[in-house]
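Read off the chains here:
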Amino acid sequence: MNQALTTLKNNRALSLTLANVAIYLLAILANDPFAWFAKSYQTAPAFFASPPEAISKLSIQKTSAPEASFTLEKEGELWFVHKQGKHVADPEKIKTLLASVQNAKRFTIVTSSKDKAKDFGFGKTDELRIEAFAADKSQGYMLLGSLAGRGSYTHVRWKDENDIYLVEDNLKSSAGRGKFDDFIEKSLSPKESKAEDIVAISLNTGDSKTSYNLVLENKKWQLKSPVEKEVPASLLQSLLSKLLSIRASEVILGDEYKKLIGGSQPSELKFSTKFKNGTIPTELVILGQDKESKSYFVQKKGGNTVYKLSEYELQAIFSFDPLAEPPKN
């Protein structure tokens, strides 16, 4: 060491050269021209390296209840929820989750102490685990701890690392708080349709009083059964509006609904909506009513998902009387 100092003292040129090199290196580090260091949350690296469009599967579970885990899988252009069967996923919920996962960045570390993990919600009953896959290959997983900043931030750990990050998003909300049915599409009506697009309506029940078949012909609604007659458009306004806004409140797994049904008979509701590429039918099988809440259990024809609808969701459809006289002005 002393010899090196003596050499530097006796060789001013070498000393100046080393000093200039040191200053140059410090300038490079300060300016970071190669983006070696993240200067903001937005430029920090994401936990998952794959872009949202490359992710084809997500596994979500509460770490305290692995039996409640479920997966979201992409098939073609559609996403499905896999939980005791295969259910069509809500595209907006999937879009939100993928964006949140991609925007979760490794920037702010609140602690690297394993002993403090519980202080940030890890190891508790509401801890969530999200694992992403691309081309069937795991991209790793993140653990979600407690929320912060009035629910605007989430404490996150990457796999088994000790570092705890503060992510600028409510990831638990985006992950449906670990509830599978939060991701299931609950709208039973066709997307982006208007009342004037409906061209046929059919309700068939065990009670002939509430069964009818209507067809739009030459811009006029015609009743085909139980009798044939023209039906004024004013009578159908409420019915058409309700057909485009049928939405379930929850999803029932398996055959659990069967023990809840009262004495009501199954019914079938069908209505057709025209699109640019043709007419698409919507067919719903009304399995029956809950004997206590009077809610309806409904399936899409050919599907295996059982939806629960408030009785008010179908009230306008069942109470519609095509033989009634239009109100007088």
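To be clear, the structure that these remarks concern was listed above.
J.: So what's going on with the environment of Glu161? Residues and values would help.
T.: The topology assignment puts Glu161 in the loop between β8 (153–158) and β9 (164–167). Placed 47 residues apart in sequence, Glu161 and Lys114 show a C-alpha to C-alpha distance of 8.8 Å.

J.: Which residues make up helix α5 (residues 233–243), and what values go with them?
T.: The set of residues buried in α5 consists of Leu235, Leu236, Leu239, Leu240, Lys242 and Leu243. Considered in projection along α5, the buried side chains sweep an arc of 160° and stay on one side of the axis. Exposed positions of α5 whose direction lies more than 90 degrees from the buried face are Gln237 and Ser238. On the buried face of α5, the contacting elements are β10 (198–204), β11 (212–217), β12 (220–225), β13 (229–231), β15 (267–275) and α6 (311–319).

J.: Lay out the sheet that holds strand β5 (residues 108–111) in plain terms, naming residues and giving numbers.
T.: Taken together, nine strands build an open sheet; the order of strands is β4-β3-β2-β1-β6-β7-β8-β9-β5 and the sheet is antiparallel. Of all strands in the sheet, those with a lone pairing partner are β4 (86–88) and β5, marking the two edges. Across the sheet, the axes of successive neighbouring strands diverge by a mean angle of 30°, strand direction being ignored. Where strand β3 (residues 78–82) lies against β4, three bridges are found, and the strand directions are antiparallel. When the bridges of β4 are listed, His82 appears paired with Lys86.

J.: Residues and numbers for unusual backbone geometry, please.
T.: Residues Ser225 and Pro226 are joined by a peptide bond in cis, for which omega reads 15°. Relative to the elements of secondary structure, Pro226 occurs in the loop between β12 and β13. At Gln84, a residue that is not glycine, the phi angle is positive and equals roughly 50°. Within the fold, Gln84 resides in the loop between β3 and β4. Overall, Gln84 belongs to the exposed group, its relative accessible area being 56%. One non-glycine residue, Asp136, lies in the positive phi region at around 65°. Relative to the assigned elements, Asp136 resides in the loop between β6 (128–134) and β7 (137–148).

J.: An account of the layout of surface pockets is needed here, citing residue identities and associated values.
T.: Vacant regions in the atomic arrangement are exposed by a probe of water-molecule size rolled over the atoms. Size it by volume and the largest pocket reaches roughly 650 Å³. Lining of the largest pocket is provided by 28 residues; of these, Leu78, Val88, Pro91, Glu185 and Lys191 occupy positions nearest its centre. Looking at the lining of the largest pocket, its residues break down into 15 nonpolar, three polar and 10 charged.

About the criteria used
Residue indices follow the written sequence of each chain, beginning from 1 at its first position. For a predicted model such as this one, the threshold for reporting local features is a pLDDT of at least 70, and the threshold for listing and counting side-chain atom pairs is 80 or more; totals across whole chains, interfaces and linings nevertheless cover every residue. Side-chain figures throughout are based on the complete set of non-hydrogen atoms in the structure, without hydrogens or water. A helix here means a DSSP run of H or I that spans at least four residues, while a strand means a run of E at least two residues long, and both kinds are numbered starting from the N terminus. Only protein chains enter the accessibility calculation, which uses a 1.4 Å probe; a residue whose area is less than 20% of its type maximum is buried, one above 50% is exposed, and one in between is partly exposed. Think of the arc as the fan of directions from the helix axis to the C-beta atoms. We call two residues contacting when some pair of their heavy atoms lies within 4.5 Å. Only when DSSP finds a minimum of two bridges between them are two strands counted as paired. All axes are obtained by fitting lines to C-alpha atoms, using only the stretch in contact for helices, and the reported angles, taken between N-to-C directions, cover 0 to 180 degrees. Of the two site types, the cavity is a set of points on a 1 Å grid over the protein atoms alone where a 1.4 Å probe fits but cannot get out, and the pocket is an open set with protein on both sides within 12 Å along at least five of seven lines, each lined by residues with an atom within 4 Å of a point. Grid points are joined across faces, edges and corners, and a volume is the space filled by probe spheres set on the points. Only Asp, Glu, Lys and Arg are considered charged in this grouping, and only Ala, Val, Leu, Ile, Met, Phe, Trp, Tyr, Cys and Pro are considered nonpolar; every other residue, Gly among them, is considered polar.

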